[in-house]
Amino acid sequence: MPTNLNRKSAEPTDYEAIVRRHVYGRTKGKTLKNRQANLMETLFPKVSISLDDASIDPRTLFSGPVDEAWLEIGFGGGEHLVWQAEQNPRIGIIGCEPFINGVAKLVAEIDERSLGNVRIHADDARFLLERFAPASISRVFILYPDPWPKLRHNKRRFVNEETLAMISAALVPGGELRFASDIPEYVNWTLARIAEHNARGNSRFMWKNNDLSECRLRPDDWPQTRYEQKALREGRVPAYLRFRHEDTGSCG
C-alpha cells in the first residue's frame, strides 16, 4: 500500500527513516507538496547513496563516467549545487543535507532538469566522509553552515578538528575547500581551526585568497543563493574562503 505522506501520525515515512537523526537541529519542516512527496518515494531512492559499503569511491556512484567528484556539505535548498551540476556536466556532485524539505527541493530539481550527475546523502556528512576512499574528492563546499552562535553550542559547528581531518583524507592533492559565511566570528573560527589543522602535520589547507579584502568578492563560478541575498539585504557581508589542499607527508 502506498505511504500516505500527508497523514498526521508521528510514524516516519520510508525516506524520513533514512535520516538517522544523529544531527543537531530540525530534520523536517512543512509538509511536502504532492509532487515533492511523490518524487521522494520514486526518484529519491535512485539518487540516494547507500552506506552499505565500508569504502566508497564517489566517482563510481553515477550512471555515467565523471572526470571528478565534488561534495557539498549542507546544500540547503540546493540552488548552488544545481547551478554547479548544470555548469559542470562532467563533474559528479554529491550533496549532503539532513533536512528533508531541502532534500525534496533538490530531488525535484534533479527531475525537472534531468540532472544525471547528482547524488544525495540525506544525513550527516560525516557518515559519508568516513567511508570515502582516500584522495577521491576534488572539491568540497561548506556554504553558510549553521553558526551555532551561543558559546555552549560552538562544539556543534561543522568545522572542527574531526571534520577537517576527514575532509583532508578525502581530498585529492591540489583539491579545493570552499567555505562561505556571513557571520564574522564563524569566519575567524574557521581560519583558526584550519591553522590548528595545518600545525598538526600531514596535510595543509593553504589559503588561496590573497588578502582579507579579496574574501569579500564572490568568484564568478560561485552563484548567489537566496540565503546570501537575504544576508546582504540585512547588512551582513559574506566572506568567501578558498583553500588548496596539500599533502605534506610526515612533516611536523
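Being a predicted model, the structure only gives us computed values, none of them experimental.

Moving on, we come to the overall build of the protein chain. Across its full length, the protein chain carries nine helices and seven strands. Intrachain contacts of the protein chain at a sequence separation of at least 6 include 78% that bridge at least 24 residues. For the protein chain, the computed accessible surface area is about 12900 Å², with 49% contributed by carbon and sulfur atoms.

This part covers unusual backbone geometry. For Ala135, which is not glycine, the phi dihedral falls at a positive 50°. Residue position: Ala135 is located in the loop between helix 6 (125-129) and strand 4 (137-143). Notably, Tyr144 is not glycine yet its phi reads approximately 55°, a positive angle. On the accessibility criterion, Tyr144 (16% relative accessible area) is buried.

Here the focus is helix 2 (residues 34-42). For helix 2, the full list of buried residues reads Gln36, Ala37, Leu39 and Met40. Looking straight down helix 2, one finds that the buried residues subtend no more than 165° of arc, so they occupy a single side.

A separate point is the layout of surface pockets. Roughly 330 Å³ of internal volume is contained in the second largest pocket. What lines the second largest pocket is a set of 16 residues, and nearest its centre among them are Gln36, Gly77, Asn101, Lys105 and Arg226. Looking at which element gives the most residues to the lining of the second largest pocket, the answer is helix 5 (residues 100-113), with five residues.

Turning our eyes to something else, we now look at the packing of helix 7 (residues 161-170) against helix 8 (residues 184-200). The interhelical angle for the contact between helix 7 and helix 8, taken along N-to-C directions, is 60°, at an axis separation of 10 Å. Judged on the interaxial angle alone, helix 8 and helix 7 are oblique. The element helix 7 and its partner helix 8 pack so that their crossing is right-handed. Counting all contacts with helix 7, which are made through Glu161, Leu164, Ala165 and Ser168, the residues of helix 8 involved are Arg193, Ile194, His197 and Arg200. Tallied by class, the residues present in the contact of helix 7 with helix 8 amount to three nonpolar, two polar and three charged.

In this description, an aromatic ring pair is defined by two values, namely the gap between the centres and the angle between the planes. Counted according to the given criterion, the structure contains four aromatic pairs. Ring centres of Tyr144 and Tyr227 lie 5.1 Å apart, and the angle between their planes is 50°; on these two criteria the pair is classed as tilted. Within this pair, whereas Tyr144 is found in the loop between strand 4 and helix 7, its partner Tyr227 is found in helix 9 (residues 226-233), the two being separated by 83 residues in sequence. For Tyr227, a relative accessible area of 39% corresponds to the partly exposed category.

Turning next to the pattern of salt bridges. Should their charged atoms come close, side chains of opposite charge can pair. Going through the model one piece at a time under the given rule, you end up with 23 salt bridges. With a closest N to O distance of 3.9 Å, Glu162 and Arg126 form a salt bridge. One end of the pair, Glu162, is in helix 7; the other, Arg126, is in helix 6, with 36 residues separating them in the sequence. Owing to a relative accessible area of 23%, Arg126 belongs among the partly exposed residues under this scheme. Here Glu228 ties to Arg218 by a salt bridge, and the two come within 3.2 Å at their closest N and O atoms. On the criterion of sequence distance, the pair formed by Glu228 in helix 9 and Arg218 in the loop between strand 6 (203-207) and helix 9 is long-range, its members being 10 residues apart.

To continue, consider the sheet that holds strand 7 (residues 239-247). Sheets are built from strands paired through backbone hydrogen bonds, the pairs being either parallel or antiparallel. Spatially, the seven strands line up as an open sheet ordered 3-2-1-4-5-7-6, and their pairing is mixed. Edge positions in the sheet fall to strand 3 (118-121) and strand 6, since each has one partner strand and no second. Averaged over all pairs of adjacent strands, the angle between strand axes in this sheet comes to 20°, irrespective of strand direction. Here strand 6 pairs with strand 7 via five bridges, running antiparallel. Residue Ser203 lies in a different strand from strand 7, and its bridge partner there is Asp247. On the sheet, helix 4 (residues 79-87) packs against strand 1 (68-73), strand 2 (91-96), strand 3 and strand 4 and is oriented at approximately 170° with respect to strand 2.

Of the residues in the protein chain, 84% have a pLDDT of 70 or more, and the chain-wide mean is 86. Scored below 50 in pLDDT, residues 1-13 shows 17 contacts in the model against residues more than four places distant or in partner chains. In this model residues 15-26 is a low-confidence stretch, pLDDT under 50, and it forms 32 contacts with partners more than four residues away in sequence or in other chains.

This paragraph deals with the side chain of Ser168. Its place among the elements puts Ser168 in helix 7. Residue classification places Ser168 among the buried positions, given a relative accessible area of 9%. A distance of 2.4 Å separates the side chain of Ser168 from the side chain of Ser203, its partner in a polar contact. Apart from the residues within four sequence positions on either side, Ser168 is in contact with His197, Ser203, Phe205 and His245.

Reading guide: rules and limits
Residues numbered from 1 in each chain as written. Predicted model: local features only at pLDDT ≥ 70, side-chain atom pairs only at ≥ 80, totals over all residues. Heavy atoms only, no water. Helix = DSSP H or I, 4+ residues; strand = E, 2+ residues; numbered from the N terminus. Contact = heavy atoms within 4.5 Å. Areas by Shrake-Rupley, 256 points an atom, 1.4 Å probe, with all protein chains shown as cover. Buried < 20%, exposed > 50% of the residue type's maximum accessible area, 1.4 Å probe, protein only. Arc of directions from axis to C-beta. 1 Å grid on protein atoms, 1.4 Å probe; cavity = no way out; pocket = protein on both sides within 12 Å on 5 of 7 lines; lining within 4 Å. Points joined across faces, edges and corners; volume = space filled by probe spheres on them. Axes fitted to C-alpha atoms, helices over the stretch in contact; angles between N-to-C directions. Parallel < 35°, antiparallel > 145°, perpendicular 65-115°, else oblique. Left-handed = near helix turned anticlockwise from the far one by under 90°. Nonpolar A, V, L, I, M, F, W, Y, C, P; charged D, E, K, R; others polar. Phe/Tyr/Trp six-rings, centres within 6.5 Å; stacked < 30°, edge-to-face > 60°. Salt bridge = Lys/Arg side-chain N within 4 Å of Asp/Glu carboxyl O. Pairing = 2+ DSSP bridges. pLDDT = per-residue confidence, 0-100. Polar contact = N/O pair within 3.5 Å; in protein donor to acceptor, adjacent residues only side chain to side chain.

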